[in-house]
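# Results of the structural survey
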Amino acid sequence: MSAPAAPGAASAEDLVTLTIDGEQVSVPKGTLIIRAAEMVGTIVPRFCDHPLLDPVGACRQCVVEVEGQPKPVMSCTVPVAEDMVVRTHLTSAMARRGQEGTLELLLVNHPLDCPMCDKGGECPLQDQALAHGANQSRFLDQKRKYEKPVAVSPQVLLDRERCVLCARCTRFSEQISGDPFIELFERGALEQVAIYEDEPYHSYFSGNTIQICPVGALTSTSYRFKARSFDVVTTPSVCDGCSAGCGQTVQSRRGEVQRQLARTNMDVNEAWNCDKGRFSFPHLTHAQRLTTPMERVDGELVPTTWSRALARVADAVRASQDVGPGRTALVSGGRLADEDAHVAARLARTVLGTDLVEHRTRFAPADEAPARAVLLARAGGAPGLTYADVEHAPVIVVAGLDPEEEVPVLHLRLRKAWRQHRARIVVVGPHLGTLDGIAWRRVATAPGAEPAALAALAYGDGEIAAALRGDGAPAVLVGERAGAGSLAAGTRLAEAVGGGVAFVPRRAGDAGGLAAGLAPGLLPGGRLLADAADRAEVEAAWGPLPAHLDGAAPVDGLRGILAAAADGAVDVLLLAGADLARDAQSAALAERALARVAGAGTVVVQDLALTETAARYADVVLPVTATQERDGARTDWEGRAQRFRRAVDAPELAQDDWEAFVQLAAVLGHRLYGSLDAIRAEQEQLGVRAAAHPLPEAASAGSTGAPSGDALLAVVRPLLLDGGTMLAGADDLRATARAATVGVSRADAARLGIVDGADVTVTGAGGATVTLPTAVLPDLVPGAVVLPRTSTEPPVTRLADEDGVVAVTLAPVAVPAEVGA
Amino acid sequence: MPIDDTTREEARVLARRYPVARSALLPMLHLVQSVDGYVSDDGVALCAEVLGLTKAEVASVATFYTMYKREQVGDWLLSVCTNPTCQVAGGQAIHDGYVDALGGHHDAEAGVTVEHAECLGICGDAPVVQVNYEMYGRLSQDEADALLASCRRGQPPASNVSGVVPPVFRAVERELSGIDDGVDAHLAPAAARQAAAANPPAWRSGETDLPVTHPGGDPAGHGGEAFRAAAGLEA
Amino acid sequence: MAATEVKVLSARYDVPGVDDLEVYEQHGGYAGLRRALEMQPAYIIEVVKASGLRGRGGAGFPTGLKWSFVAQGTGKPVYVVCNADEGEPGTFKDRPLMERDPHALVEGMIVAGLALNSEQGYIYLRGEFAHASRQLAKAIRQAYAAGYLGEDVMGSGKRYHLTLHRAAGAYICGEETALLDSLEGRRGQPRLRPPFPAVHGLYGCPTTVNNVESIAMVPLLLVNGAEWFQQWGTEKSPGTKLICISGEVRNPGNYEVAMGTPISELIELAGGMLDGRELKFFCPGGSSTPMLPASMADTPYTFEDIAGAGSLLGTGALMLFSDRTSVVSVVRRFTEFYEHESCGKCTPCREGGYWASQVLARIETGTGVMDDLDTLERICGSVAGRSFCALGDALTSPIMSSLQYFRDEYVEHIRKGVSPFGVAPQRDVPMLDPAAVAATARERASLSALLSAATSAAGDGSGA
């Protein structure tokens, strides 16, 4: 009942006509009175009601009068009926009295600490006490007193005295995010929100409870006592934490971000966001933040000017071009805005004259980018499969994706599909990950062997295949860890069952990078470098592409670029937001490449913070602006492009990534774009390829062959809260991170004598090790382990061989014998 | 005897008694009290583990009901009704006398705990004191004092209502858990059949028609135990 | 004139050993079940309807009608739940029945199951009833052994299982939807209605929730017929009723009488008021029913007559108080009871009880002010009709009715600054004491402890 009406206009027989305060209104059947009142512009006061939570009727504030009913009616729990006559507090003395009475009771135990409460100024209780409350309370007696505040997690604080027990937070945690670590304890007047003492509210979505709290009971450690809602400047924005595309509100004061909130966008994130999006802004002002260009002089990075820095890069590029064409490379890391990626793609092809471009720090299967280009062109530049499609899909197939860790808000939509629409979620892959609690069936495969399973679902006759062929359009979601050929197989599956398919990358700039053609062999808009017609369309906008790009076989993504660099075939390596030393799928190959280029050529790092790559290898470091500090647009996993606006000023010398690219081009004698609008105009003019290319043929089965001997093949999964630079300074947020573990199957645990929770040493390529506690996973296929990507020191990327494959051996850490006294 | 694998197995027996395992939470908390004498941290963890709940969910339930104790109760729990009928007949005086005699609500040494109770459903025999939920009615102040004294000696008399000599607190909690009811051979298969029905009981019947579910899983086939069984994930 | 008892439900109370199956059978036990097995389920419901039996749990809703609402043929299991969570102050009729004649309830549950095409019943028993628990568990064991319960009830091919479920101390669980949540292993907080349990009850399945006395009466109805039942009482309140007489009378206790007996005769039945005491006021149906002054003692004990007098028959719990007893004190105790038993879900009941009990405590102990009487009325006005369930209304009824009939006594308390009946004892656990709150609430991790633990976890390099 709390769900908004299904998409599509309701037909006349689904409408109910009623009268609210004398005004006639027709609303869909099943609409609650409180929602119907909103439609005629009347906001009935409420505390417990939230349109995205199940009705509960606890606070009793939303009293209205319904003709023919002797008792007051709670408008948040009663659906409309034909010819119902409703009178709200605007026209009914009974309703007004009811609301005043409830308000008086709510204030019995509410402290009058508004002047020091963070909620002051944006508090529904305060607003209603002002609007409808009595001037004086008759309450002479004693209020409840509690210790304050209680930390329900390192970033969420609870002042129980202020709580009106509307249960929004506990209902959110149960109904929406599914991690009820906060609950109502006790009963009666002592009822209170609480955690169990040794199980804090570690949820990726805990910040939402603060935002929906109708009083100042839940506050965040990062915003507490920092600002007033009426003293902050509010700017609508879009989160850059992942490819979810959540609407976000940035609130700043004196040029500093004070807090970030979820901005309601029912098409995308509804009213929610994740804690990473909400609380990660301290990195903007962290000590590691780059504020000035730097160059390496005598082995040390020293501050310099933009003109000197760019001149040094330009000199290096010219020198490289003197050696031969295509000896520069440009790698971005998934942070870039769509416009940045577009400029980077053009810079690389037309100015640097290279196809050594990549927007992914992972070693993606060779067919992934071409297959995504096909989906992009098929969708015609509009979103393909959408959140709404996923929500209403009767069956959802998920392969190579762990939504809660990678695209958290998509996880919430999957939960909604499961909870409200009984969607059947089918997980294809070596383990269930965080879909554990909501999966319907699993198709177990070895890591990388997903395509065969997807193909089998398309043509099989089992229970899952039957469900896929039932009513409604299924959704197929393919993630970054699905093996080579998965996207093509998933697309064919979707075609076979009349459903939709989407590739769900993790990083916010991934879809934009792909759309810009920032990958070997690709051009903007789903076009291919090898296709003459595609080339011609792009050349019409960009001017002629260098002849040597014509007909050259594209390299194998980042792996190919790094291999070339390690072999001395790259003189200049431009890294925009790519901390390859840490993030590249194979740290070993990345280090070799970086060392080679840093030694014989030039490494340029353009980033927000002084990353490990910058500190160790960069010859030139360029400071750039963050999302909150600039205008731009990003495309989410659906293919939905959304613009964001500058909320705060950047450090004085930082420039937007696209500006840095344009200036480098200018120094090299090319005039690219004068403004964001010029870039956007060209993006629009180029659009996407009118007719999609055919899907790439299935590659030969999984490139990740079975490891030899005792080795176990690792599924390397990023955790939402890891060691990433965009989490720098957000200590409270990082304190809620999930523990890094090595997931081991039951069979392997038994074979190796490893018990759940015990520390093991994980040894990878070249003898690199990390030591982690074990999590024995009943849902993991034998022969595989699950490792976090960059949550450990050293990161697991150090355990990969040069192909990016992580094959490991496990050894229990010997517990040191008790030392006698 | 702390909570161990025997308790865990008994908790599982209780869970199998219902088509939806969570129904066993109240009996399970009684079982925990029969072992630890109160709802201990280990007990909360046990319930959470067996039922697939968070500890907060278990504690949320445990703190709602007055029979679940936060601290060790000794062998003898004396509940004194002080509602109007008993109050008029001297219930409050009995309660206050007990507290004076013990110097508080607990006599750890004798293993006696005294609590105020709301109506015990035996107003015709006011004033009433329960010893481990066994009724003693129509008590004079002297009789009431003697009852306390007998408990402190560890030898309460037979109830003048039921004729039963109350067992010690942990024993009566074991009775209340129902673990020894002796009809599991009937109830467990019946519950399993209901749970496996084509249109089975929902995990959460909820407050609305919305199918409300739970991370611990829905026996209707989503996640959780049924899923694990179907997927062959349970050893 | 003292009324005479009509022992129908309580007929076997004094039969030695009737809690054993054999004796129970010798005294007509399981005859109702045999009759039921000869009937179509719908016919059983028709008999119950025709008898006019009204629910004995407080609301007085016709039992047969309630059963006819239970959704059939939905493909979901149907559940029969017995509400044995007796706990309303003044009420003590279900517990004696379960202790003395437990098979009567077991038999009634099986019959109810047959009537509703249910294969599973639950007895939700108040946890504090250790002896009733023992007796019912034994009866169920015996019924299984004798084939009355199980996969093949008395060879009929029908199955019926019965689970005894002990609760854990919460009066609110007598509210049927709170009971269902509690039976599902949750906090006993009431649910929104609609959907009603008859359609969407236990585990989302069609469910009926009936009181012990109602269910135990059904086998007798089947054996004797609907007309037999109507020989007692009135058209709107037929039959006999177990009445709980308590308070300041000589022989308080459980009496089964024909409906319609005047209250004054019930008092005589209980031996009259204690020596030297005169009836001052009474609660006709338990603490939640508005109290009435002695002048209304001639009211016949029926649903309709008591309603006409401005109160309710409730559970049939007649509580009698004399001129020696302070109305304020009794009302304060009732209010404290409702404060203690409020589930906390809705604002009016949670905060209203908290506030009103403080005001009443002040009035009784001599620190009340005249405005307090208006305040009490105002609190009740904000609670009555606006709370989530009837517990809020129950909270207000002693307060409002006592102010209606005994306002002068409140005024006297306030004027004198002391209780005319002597200083009232203090409640043993003051609700407001922060120390008491800390002791009852589980110790919670402090901010600094949590933060330092989290920081050290983040700093060791393996996590975070």
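Note: the structure precedes this text.
Quick caveat: nothing in here was measured; it's all calculated off a predicted structure.

Thresholds, definitions, all that
- Residues numbered from 1 in each chain as written.
- Chains lettered and ligands numbered in written order.
- Predicted model: local features only at pLDDT ≥ 70, side-chain atom pairs only at ≥ 80, totals over all residues.
- Helix = DSSP H or I, 4+ residues; strand = E, 2+ residues; numbered from the N terminus.
- Buried ≥ 20, exposed ≤ 12 C-beta atoms within 10 Å, placed from the backbone.
- Contact = placed C-beta atoms within 7 Å.
- Rg over C-alpha atoms; globule rule 2.2 N^0.38 Å.
- Nonpolar A, V, L, I, M, F, W, Y, C, P; charged D, E, K, R; others polar.
- Pairing = 2+ DSSP bridges.
- Axes fitted to C-alpha atoms, helices over the stretch in contact; angles between N-to-C directions.
- Parallel < 35°, antiparallel > 145°, perpendicular 65-115°, else oblique.
- Left-handed = near helix turned anticlockwise from the far one by under 90°.

Okay, the overall build of chain B next. Helix and strand counts for chain B stand at 10 helices and 5 strands. Out of the 235 residues in chain B, the part that is buried amounts to 60%. Excluding contacts between residues fewer than 6 apart, the proportion of contacts in chain B whose partners are at least 24 apart in sequence is 60%.

The secondary structure content of chain C amounts to 19 helices and 9 strands. In summary, chain C has a C-alpha radius of gyration of 24 Å against a globular reference of 23 Å for 464 residues, a match within 12%. In terms of principal-axis extent, the alpha carbons of chain C reach across some 85 × 65 × 40 Å. By residue count, 61% of the 464 residues in chain C fall in the buried class. Of the contacts made within chain C by residues no fewer than 6 positions apart, 70% connect residues no fewer than 24 positions apart.

What follows is about the environment of G429(A). Residue and element names in this part refer to chain A. In this structure, G429 sits in strand β19 (residues 424-429). G429 sits 29 residues away from G400 along the chain, and the two C-alpha atoms are 6.3 Å apart. For G429, the contacting residues outside a window of four places in its chain are A399, G400, T445 and E450.

Turning next to the interface of chain B and chain C. Across the contact, 64 residues belong to chain B and 73 residues belong to chain C. When residues in the side of chain B that touches chain C are grouped by element, the largest group, 5 residues, is from helix α2 (residues 25-36) of chain B. Classifying every residue of the side of chain B that touches chain C by side-chain character gives 32 nonpolar, 22 polar and 10 charged.

Residue and element names in this part refer to chain A. Spatially, 7 strands are ordered β15-β14-β27-β26-β25-β16-β17 in an open sheet, and the strand pairing comes out mixed. Both edges of this open sheet fall to β15 (300-303) and β17 (357-358), since each of them pairs with a single strand only. Across 2 bridges, the pairing between strand β16 (residues 328-332) and β17 is parallel. Paired with V331 across the bridge in β17 is E358. Set on the sheet, helix α8 (residues 338-352) makes contact with β16, β17 and β25 (572-576); between it and β16 the angle comes to about 175 degrees.

Turning to the packing of α8(A) against helix α22 (residues 657-667) of chain A, a few remarks are in order. Angle between the axes and distance between the axes are the two parameters that describe a pair of packed helices. Residue and element names in this part refer to chain A. At a minimum axis separation of 8 Å, α8 and α22 run at an interaxial angle of 20 degrees. Viewed along their axes, α8 and α22 adopt a mutual orientation that is roughly parallel. Crossing angle aside, the handedness with which α8 passes α22 is left-handed. The segment α8 lies against α22, with E339, D340, V343, A344, L347 and V351 engaging D657, W658, F661, V662, L664 and A665. Tallied by class, the residues present in the contact of α8 with α22 amount to 9 nonpolar, no polar and 3 charged.

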